[in-house]
Structure formats: C-alpha cells, structure tokens
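Residue strings, one per chain:
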Amino acid sequence: MTLVDNQPAPQELAKARKAMIDSQLRVSGVNAEIVRERMSAVPREDFVPEAARGFAYMDRAIPLGDGRFLAPPLVHGRMLEEAAPGLDDRVLLVDGGSGYLAELLRPLVGSLEAVTPAQALEAARGKGDFTLLVIDGAIGQLPEALVRRLAEDARVVTGLVARGLTRLVVGRKVAGEVALLPLAEIGIPVLPEFAVPKSWSF
C-alpha cells in the first residue's frame, strides 16, 4: 500500500505567506512594517488543524473545531496595526482559539496575558493595570469584567457584531468607561460568549 502525502511543502507555504502580505495586506492598506514583519515570520499553518494547513493563507476564516475559527489574515493585520503595540504595553488578549494573535503580539509588548472568552467573563481581581485589550473575535458587548481590568486611558481593539454585520472597532477607557468607534466592516468570527442577551418583545 502506498501512502500519498497531500500536505503542502514548506516552500509552498512560504510562497503563500509572501502572497498573503502582498495581495491581502498591502493592497488593503496594512502598511505598518512591524505588522508585515510579524505576519511574515509567524507561520499561520502551525495554528490550524493539519488538514487545513494548505488553506491557512486564504482570505477566509479557518475552522478550528468546537465553534472556533482562525480569523482571515486581513483581520489580524488590521487589529495589529490599530493596536500599535509597544514594549511599554501590558496587554490582555482574549484569544479566539488559535493562539496565532498571541504569537504575533508577544515580542512586541512588555507583557502579555492571554485568556479564553470564558476566563474573560470571570470577575476581575485586583487593580486594573492593562494598557491594551485585544479581543480576537467579534463581540456583541464589552463585559464590565474586562473593562475593570484596564488601566485608565487603556486602548481597546476588537470586532463588534450588530444586526448580523461585523466591524473592526477601537476604543479607549476614559473615566472608567470604554466607548467604541467603528472603523470598517470586515468578516470577523463571532465570539458567542459576548453576545447581547436577548430581550423579550411583544
């Protein structure tokens, strides 16, 4: 019996990574050099199921199982560019299930704590001191448990879902509250843990 290996060769994946930078990020206005450097250096194929490695650089979300997805490359490129992370940042990342965005961010910031959506909903302990919150997915609402973990003037980068549309949004914590500003409609996997509770209608 002969086994046929259908997995893409490393050189093919390297070419796909370069094509992602040139044909998805650059043409969509993602111009920050550090963003392109990180997304060139981190192999997306290492963060998806083995059967999906050949699709890792396509302009679409990749199913990870259990209802989780790796967002399209442009989503992570835009999030990184809008976050503008620095070595003085203490970052709280709500991971969408892949670990990819954490790997992109880690060398760019002073400290990084990655939590699951469920952990993000737990009551905050201690004083909020995170200067940057990044949520790898689209939320219906920003829970107070996360807001309390942020320092005053902390930045927020996330997706937001409303009326079936997802948008990239940014915000800043001022006087204990976070206001979110929509930037662009873009396909972002939804995190059901942050859905707006359904209300009764008559």
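**Student:** Give me the pairing of strand 7 (residues 165–174): which residues, what numbers.
**Tutor:** Direction of pairing for strand 6 (residues 150–162) relative to strand 7: antiparallel, over a ladder of 8 bridges. Paired with G159 across the bridge in strand 7 is L168. Where strand 6 folds back onto strand 7 in an antiparallel hairpin, the turn is made up of 2 residues, including R163, whose phi is positive at roughly 55°. Here strand 7 pairs with strand 8 (residues 177–185) via 8 bridges, running antiparallel. Counted as the bridge partner of V170 is L181 from strand 8. Joining the antiparallel neighbours strand 7 and strand 8 is a turn of 2 residues, in which A175 adopts a positive phi near 55°.

**Student:** Which residues make up the nonpolar core, and what values do they have?
**Tutor:** Side chains of nonpolar character tend, in soluble globular proteins, to be buried together. One finds M39, Y100, L101, L104, L105 and V134 to be the most contacted residues of the largest nonpolar core, which totals 38 residues. When residues of this core are traced back to their parent elements, those giving at least two are helix 1 (10–25), helix 2 (33–41), helix 3 (73–83), strand 3 (90–94), helix 4 (100–105), strand 5 (130–139) and strand 7. Not counting chain neighbours up to four residues away, the residues in contact with V134 comprise A83, L92, L93, V94, L101, L105 and V157. With 16 residues, the next largest nonpolar core counts V115, F130, L142 and F194 among its residues.

About the criteria used
Residues numbered from 1 in each chain as written. Predicted model: local features only at pLDDT ≥ 70, side-chain atom pairs only at ≥ 80, totals over all residues. Heavy atoms only, no water. Pairing = 2+ DSSP bridges. Helix = DSSP H or I, 4+ residues; strand = E, 2+ residues; numbered from the N terminus. Core = buried A, V, L, I, M, F, W, Y, C linked by side-chain atoms within 4.5 Å. Buried < 20%, exposed > 50% of the residue type's maximum accessible area, 1.4 Å probe, protein only. Contact = heavy atoms within 4.5 Å.

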